[in-house]
Amino acid sequence: MMFDHLHQERVLILDYGSQYTQLIARRVRESHVYCEIHPFNMPIESVRAFEPKGIILSGGPSSVHEEGAPLADPGIFELGVPVLGICYGMQLLAHQLGGAVEKAERREYGPALVDIVFQGDLFTDIETEGVRVWMSHGDRIVKLPPNFRIMGRSDNSPAAAMGDPQRKIYGVQFHPEVAHTPSGKDILENFLFRICRCKPSWTMKSFVESAIGSIREKVGDDRVICALSGGVDSSVVAVMLHKAIGDRLHCIFVNNGLLRKGEAETVQRIFRDHFEINLIYVDASVEFLDRLREVEDPERKRKIIGNLFIEIFEEEARRIPGARYLAQGTLYPDVIESVSFKGPSATIKTHHNVGGLPERMQLELIEPLRELFKDEVRMVGRELGLPERIIMRHPFPGPGLAIRIIGTVDPSSLEILREADAIIQEEIEAAGWYEHVWQSFAVLLPVRSVGVMGDERTYEQAVALRAVESVDAMTADWARLPYEVLGRISNRIINEVKGVNRVVYDISSKPPSTIEWE
Ligand code: XMP
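A quick note: this is a predicted structure, and the numbers were derived from the prediction, not measured.

(A) Representation of the site of the ligand in the model. Every one of the 14 residues lining the ligand counts as a neighbour, but R302, Q439, K510, I515 and E516 are closest to it. Note that an oxygen atom of the ligand is positioned 2.9 Å from one of the side-chain N or O atoms of Q439. Between an oxygen atom of the ligand and a main-chain N or O atom of I515, the distance comes to 2.7 Å. Starting from 500 Å² of accessible surface for the ligand in isolation, the protein chains cover 80%. When the residues that make up the shell around the ligand are grouped by side-chain class, the tally is six nonpolar, five polar and three charged.

Shown next, in the form of structure tokens:
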């Protein structure tokens, strides 16, 4: 991996398939300690080469008694590195180090209270009675491994926490990484700082400095191409690359004619005028609209847009002499999904996907954000001086407004949608709701209905307003926008946007609906 040598101190998280594994990593990073998630069966030589200051074994859906249950390489316990097993990770410790695990009489799921019976180590400065924790397990430990002692008990788990302070191996039956365990952060920090003796040195400032250093080292005197979309990830990549190699970065921004109002101008103003980045602006709107003419099927729209983007991008990229690298805004969750033992279903970012271009043009990839979570990318953006408008931006789909026009796409429907969308953005921002919603936008419906305007009867289109709250777009719920905000948006759209006489609010959640209509 690209930046490996730069992190002096790091913690290794071995993934046994828990839905919370990413959360463990986020908590560790929030405590300013660098960590990485690897599959549970990472070869022991690689574990050794990783030089972890500590190892965390995640939870997981398995039971140690199942055939083929994922185990830990026993070599891990011989490294002299502190180990913390969480939930299934703790049961593994008991099972593999000479204790015993049995099926509990009843599954324990949800909140529980733990009494701490050992005040040092993991539980230094943690209250002793009735510590609120979150449990989720079917098995329980009935015999501790030799040299282990009980550190916490709950009604249902006589060994809710255990440890061998001599060997620095600990286990907790509950989940310290979730918000429902309020002292979980302190417990994890006791592991990181008291037991592993890590220093809180992982900051975005240190990340930016080392990332820029290694980009310089890797790129040397060569040139790098970057597809700029104006979204958070590609913007951060572009500015970071520019800090590292200046004019040898060439950004390509393709206007597909499906952008929001003012977007092409904003991107050029920020990146070319303000950051003075080499920016190739290609206005391909006519070509895109041409190929989309009379296309109704949403999947076909997406394909046409994706393919034409690659064609145009490649043509432009070939004009840059001596380019050897392609920079991309891949994030850590994308990386985890591809390596994880049993990750959530893969989400494919089509707008970042430049097809087989790197192979065809023999470009090597540079992915400076591949170790970061989204919130860390935003912090890096701030560190690099990107405007807040870009940093906090809502996601916008690669196929743009084309998938928000139900039916065929043409200049006049785009114009209507663009104006309606701009009003929504303005009003949501003015009401202080922009940061509370994941996305907000208009959808243009192929429905006409009757209205009256002044003395005249109208027969015009309807716009659906969509505003959702979400943490990762996998699930979403409609935002409970105040009636006044809804009212203002509706009034303004009907009065200001010619061709629309009705606005409806979409109150569907995902699942079973999706965020976008197409
Ligand atoms: P859905 O509609 O599936 O959307 O709930 C989840 C997230 O993905 C975005 N989205 C897309 N992004 N190309 C993209 O680049 C697409 O074709 C596409 N479709 C949906 C959507 O905006 C939401 O954030």
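(B) Focus on the pairing of strand β7 (residues 149-153). Strand direction decides the pairing type here: strand β5 (residues 100-116) and β7, joined by two bridges, are antiparallel. Across the sheet, residue D115 finds its bridge partner in β7, namely R153. Across three bridges, β7 lies against strand β8 (residues 161-164) in antiparallel orientation. When the sheet's bridge partners are listed, G152 is paired in β8 with A161.

(C) Looking closely at the packing of aromatic side chains. As enumerated under the stated definition, the model contains ten aromatic pairs in all. Ring plane angle 85 degrees and centroid distance 6.0 Å describe the contact between W478 and Y505, whose orientation is recorded as edge-to-face. You can see W478 sitting in strand β17 (residues 477-478) and its partner Y505 sitting in strand β18 (residues 500-505), a full 27 residues away along the chain. Among the aromatic side chains, those forming a connected cluster through ring pairs are Y16, F40 and Y88. The ring centre of F50 lies 4.4 Å from the NZ or CZ of R10, which sits over that ring.

(D) Molecular detail of the sheet that holds strand β1 (residues 10-15). The strand order β2-β1-β3-β4-β9-β8-β7-β5-β6 describes an open sheet built from nine strands, whose pairing is mixed. Two strands lie at the open edges of the sheet, namely β2 (34-39) and β6 (131-143), each paired on one side alone. The average angle at which neighbouring strand axes cross in this sheet is 25 degrees, direction not considered. Examined bridge by bridge, strand β3 (residues 54-57) and strand β4 (residues 83-86) share three bridges and lie parallel to one another. Pairing of I55 across the sheet is with V83, part of β4.

(E) The side chain of E263, seen in detail. Looking at where E263 falls in the secondary structure, it is placed in helix α7 (residues 263-274). You can call E263 buried: its relative accessible area is 5%. Leaving out residues up to four positions away in the same chain, E263 has contacts with R393 and F396.

(F) Up close: helix α1 (residues 21-30). Along α1, the positions that sit buried rather than exposed are T21, I24, A25, V28 and R29. Along the axis of α1, the buried positions cluster into a sector of 130 degrees, meaning they face one direction only. H32 sits one or two residues past α1 and shows a positive phi near 65 degrees.

(G) A look at the packing of helix α5 (residues 204-219) against helix α12 (residues 374-383). Between α5 and α12, whose axes approach to 9 Å, the crossing angle comes to 75 degrees. Comparing the axis directions of α5 and α12 gives the class roughly perpendicular. From α5, M204, K205, F207 and V208 reach across to α12, where they touch E376, M379, V380 and E383. Split into classes, the residues belonging to the contact of α5 with α12 amount to five nonpolar, no polar and three charged.

(H) Seen up close, α5. With 16 residues, α5 extends 22 Å from end C-alpha to end C-alpha; this agrees with the ideal 22 Å at 1.5 Å per step. Of all the residues in α5, the buried ones are M204, F207, V208, S210, A211, I212, S214, I215 and V219. Against the buried residues of α5 lie β10 (223-227), α6 (232-245), β13 (323-327), β14 (364-366) and α12. Phi for G220, located one or two positions after α5, is positive at around 55 degrees.

Rules used in this analysis
Residues numbered from 1 in each chain as written. Predicted model: local features only at pLDDT ≥ 70, side-chain atom pairs only at ≥ 80, totals over all residues. Heavy atoms only, no water. Near = heavy atom within 4 Å. Polar contact = N/O pair within 3.5 Å; in protein donor to acceptor, adjacent residues only side chain to side chain. Areas by Shrake-Rupley, 256 points an atom, 1.4 Å probe, with all protein chains shown as cover. Nonpolar A, V, L, I, M, F, W, Y, C, P; charged D, E, K, R; others polar. Pairing = 2+ DSSP bridges. Helix = DSSP H or I, 4+ residues; strand = E, 2+ residues; numbered from the N terminus. Phe/Tyr/Trp six-rings, centres within 6.5 Å; stacked < 30°, edge-to-face > 60°. Lys NZ or Arg CZ within 6 Å of the ring centre and 35° of its normal. Axes fitted to C-alpha atoms, helices over the stretch in contact; angles between N-to-C directions. Buried < 20%, exposed > 50% of the residue type's maximum accessible area, 1.4 Å probe, protein only. Contact = heavy atoms within 4.5 Å. Arc of directions from axis to C-beta. Parallel < 35°, antiparallel > 145°, perpendicular 65-115°, else oblique. Expected span 1.5 Å × (residues − 1).

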